[in-house]
Amino acid sequence: MRYKDYYQVMGVPRTASQDDIKRAYRKLARKYHPDVSKEKDAEERFKELQEAHEVLKDPEKRAAYDQLGANWQQGQDFRPPPDWGKGFEFSRGAGGGGRGEFSDFFSELFGEHSPFGGMRGSGRSSRGYAAAGQDHVARVEIDLEDAFRGAARTIELRTPELTGDGHVTMRPRTLRVSVPAGVTAGQQIRLAGQGSPGIGGGPPGDLFLEVSIRPHPLFEVDGRDITLTLPVAPWEAALGESVSVPTLGGSVDMKLPTGARAGQKLRLRGRGLPGNPPGDQYVLLKIVLPPDSPKSRQLFEQMKREVPFDPRAGLGI
Amino acid sequence: MSTLDRIFEGQMLDETTWLGVGDLCTYLSVERSWIVELVDAGVLEPRGALPEAWSFPAIALVRARATLRLVEDLGVNLAGAAVILDLIDERRRLERRVEELERLLDR
């Protein structure tokens, strides 16, 4: 396993006070909390931060961690000393903690089956934890086309598992999951019994997949509705021509209203993501000029001469 | 049969699925009183007058879970978490609007 430099993760010196550690955690937690953060690697960074905080906030765990010495480097190959945990008196409830997704390093030294293990440490235990296994939440990102048609997706998870010699290892686990057509961003898919195994014969937890949809080059998504920005020529808008419009189900012909304006939103009912009722597709018109050419210039010159039009008439100038 | 040969069909938790207080307690591993607190703080808006009769659209799970994470991880109280979630929603709405307008300008 790889050594984790928890002080480096939290950006504090080894001499930091417990208050310094608390302050550093709060500050970094605000920056990297996956529900709040816009950072790309927020989820990974926050998990690391939580793990570091779980150890450094607890004087017993911190003291034990410090005893490993200051010469280890982040990521260095590491085996725990054979007498790990000896000489410390652990208060009940010091171990465990987190969301069951911490590193091998943490699980081995401080996890439920370590000398620090015992009761679950943080979080929901205080609100009435049952003997059922922990639920897991995983995010699954899909393409908009998959949300439209439905797809099978492979999800990779890491589950803590007790090995034969009493150590804990994070076992990678892969599941194929059916994502039904019409799923929208933020929706959840519950896979009963696919969370952590139960404790003391309790039932296993569930796995909740939170769905998000990758940005699409053409369509914006809002719930089941999708929006397409459609470039149209000035004459198509002016004359109310029929134009070809891409939709998730293939292209359709749409008649523009005569005198259509830039920024006007037209609706193709039921052409969004499937559902009951299905979403709509909105078409946002954008008027684009033809590339400059002698012919187009000649025609614009003609319009300038022959069409009485002041686009700034309402500006009082 | 390996897990890769089997395709798991999950239960879709969308706006057509309604959950009772007991379901939320089970799915979130929390006590009933915590759901009542979430409702009092305005994080969850149930259908029905009394907690016994409350039902929530399944999409409320996402919001409840995010609240749990904010309370546990950042040390904010429920009212603070509710404000954060409202602001995040508002930010998403504005981001969508900005993207829409940028597309209108760029294409």
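Scroll up to find the structure.
Residues numbered from 1 in each chain as written. Chains lettered and ligands numbered in written order. Predicted model: local features only at pLDDT ≥ 70, side-chain atom pairs only at ≥ 80, totals over all residues. Heavy atoms only, no water.

*Asks:* Sorry if this is basic, but what is going on with the overall build of chain A here?
*Replies:* In terms of regular secondary structure, chain A is built from eight helices and 11 strands. Every one of the 317 residues in chain A was classed for burial, and the buried ones make up 41%. For chain A, restricting intrachain contacts to residue pairs at least 6 apart in sequence, the fraction spanning at least 24 positions comes to 60%. Surface summary for chain A: the accessible area is close to 16,800 Å², and the carbon and sulfur share equals 51%. (Helix = DSSP H or I, 4+ residues; strand = E, 2+ residues; numbered from the N terminus. Buried < 20%, exposed > 50% of the residue type's maximum accessible area, 1.4 Å probe, protein only. Contact = heavy atoms within 4.5 Å. Areas by Shrake-Rupley, 256 points an atom, 1.4 Å probe, with all protein chains shown as cover.)

*Asks:* Looking at this structure, how should I read helix α3 (residues 60-74) of chain B?
*Replies:* Every α-helical turn comprises 3.6 residues, leaving residues that sit three or four positions apart pointing alike. With 15 residues, α3 of chain B should reach 21 Å at 1.5 Å per residue; the first-to-last C-alpha distance of 21 Å fits that figure. Backbone geometry just after α3 of chain B places G75 of chain B at a positive phi near 75°. (Expected span 1.5 Å × (residues − 1).)

*Asks:* Looking at this structure, how should I read the side chain of T184 of chain A?
*Replies:* Residues and elements named next belong to chain A. For T184, the location among the structural elements is in the loop between β3 (168-179) and β4 (188-191). Residue classification places T184 among the buried residues on the basis of a relative accessible area of 6%. Discounting residues that sit within four places of it in the chain, T184 has contacts with V211, I213, G223, R224 and L273.

*Asks:* Teacher, can you tell me more about a nonpolar patch on the surface here?
*Replies:* Residues and elements named next belong to chain A. On the surface, a cluster of nonpolar side chains totalling about 550 Å² of accessible area is made up of L289, F300, M303, V307 and F309. You can see V307 is positioned in the segment after α8 (294-306). In this structure V307 comes out as partly exposed when scored by relative accessible area, which is 42%. (Patch = residues over 30% accessible without salt bridge, like charges linked within 9 Å, V, L, I, M, F, W, Y side chains within 5 Å. Salt bridge = Lys/Arg side-chain N within 4 Å of Asp/Glu carboxyl O.)

*Asks:* I would appreciate a short explanation of the interface of chain A and chain B in the present structure.
*Replies:* Interfaces are frequently sized by the accessible area removed from exposure as the parts join. Of the residues lining the interface, 53 residues belong to chain A; the matching set on chain B comes to 43 residues. Counting each side, the surface lost to burial between chain A and chain B is near 4,400 Å², with a carbon and sulfur contribution of 50%. Taken together, the links from chain A to chain B amount to three salt bridges. For D35 of chain A, the salt bridge identified is with R69 of chain B, shortest N-O distance 2.7 Å. Applying the counting rule to chain A against chain B returns 13 residue pairs in polar contact (both at pLDDT 80 or more). Counted by class, the side of chain A that touches chain B contains 20 nonpolar, 15 polar and 18 charged residues. One ladder, built from three bridges, connects β4 of chain A with strand β2 (residues 11-13) of chain B; its direction is antiparallel. Directly across from I189 of chain A, in β2 of chain B, lies its bridge partner M12 of chain B. (Buried area = accessible area lost by both parts, 1.4 Å probe. Polar contact = N/O pair within 3.5 Å; in protein donor to acceptor, adjacent residues only side chain to side chain. Nonpolar A, V, L, I, M, F, W, Y, C, P; charged D, E, K, R; others polar. Pairing = 2+ DSSP bridges.)

*Asks:* In this structure, what is going on with the sheet that holds strand β1 (residues 136-142) of chain A? I would like to understand it.
*Replies:* In sheet architecture, strand pairing relies on hydrogen bonds along the backbone and comes in two forms, parallel and antiparallel. One open sheet accounts for four strands, arranged β1(A)-β5(A)-β4(A)-β2(B); its pairing is mixed. Since the sheet does not close on itself, it has two edges, and those belong to β1 of chain A together with β2 of chain B, each with one partner. Sheet twist, expressed as the mean angle between neighbouring strand axes with direction ignored, is 30°. Direction of pairing for β1 of chain A relative to strand β5 (residues 207-213) of chain A: parallel, over a ladder of seven bridges. Its bridge partner being in β5 of chain A, H136 of chain A is matched across the sheet by L207 of chain A. Strands β1, β4 and β5 of chain A together with β2 of chain B of the sheet are contacted by α3 of chain B, whose axis makes an angle of about 105° with β5 of chain A. (Axes fitted to C-alpha atoms, helices over the stretch in contact; angles between N-to-C directions.)

*Asks:* How should unusual backbone geometry be read in this particular structure?
*Replies:* Peptide bonds are trans in most cases, and residues, glycine excluded, mostly fall at negative phi. Geometrically, the link from N276 of chain A to P277 of chain A is a cis peptide bond, its omega value of 5° lying close to zero. Mapped onto the fold, P277 of chain A is located in the loop between β10 (265-268) and β11 (281-287). Of note, the phi angle at S29 of chain B is positive, near 55°, even though the residue is not glycine. Tracing the backbone shows S29 of chain B in the loop between α1 (21-28) and α2 (32-40).

*Asks:* Could you clarify how one ought to interpret a positive patch on the surface in this entry?
*Replies:* Residues and elements named next belong to chain A. On the surface, a cluster of positive charge is made up of K22, R26, K27, R30, K31 and R45. The element that contributes the greatest number of residues to the positive patch is helix α2 (residues 18-32), accounting for five residues. Structurally, R45 is set in helix α3 (residues 42-56). (Lys, Arg positive; Asp, Glu negative; His and termini not counted. Charge placed at Lys NZ, Arg CZ, Asp CG, Glu CD.)

*Asks:* Please clarify how the packing of α1 of chain B against α3 of chain B should be interpreted in this entry.
*Replies:* How two helices sit against one another is set out by the angle between their axes and by the gap between those axes. All names here are of chain B. It is the contact of α1 with α3, at a shortest axis distance of 11 Å, that shows an interaxial angle of 50°. In terms of orientation, α1 and α3 fall into the oblique class. Judged by the twist between their axes, the crossing of α1 over α3 is right-handed. Every residue of α3 that contacts α1 at L24, Y27 and L28 is listed here: L61, A64, R65 and L68. A per-class count over the contact of α1 with α3 returns six nonpolar, no polar and one charged. (Parallel < 35°, antiparallel > 145°, perpendicular 65-115°, else oblique. Left-handed = near helix turned anticlockwise from the far one by under 90°.)

*Asks:* Please explain the pairing of strand β7 (residues 225-232) of chain A as it appears in this structure.
*Replies:* A regular strand places its side chains so that they alternate between the two faces of the sheet. Residues and elements named next belong to chain A. Burial analysis of β7 places six of its eight residues in the buried class, the great majority of the element. Two elements, strand β6 (residues 219-222) and β7, share four bridges in a ladder whose sense is antiparallel. Paired with V221 across the strands is I226, a residue of β7. Here β6 folds back onto β7, and the loop between the two strands holds two residues, one of which, G223, carries a positive phi near 65°. In the sheet, β7 pairs with β11 via seven bridges, with the strands oriented parallel.

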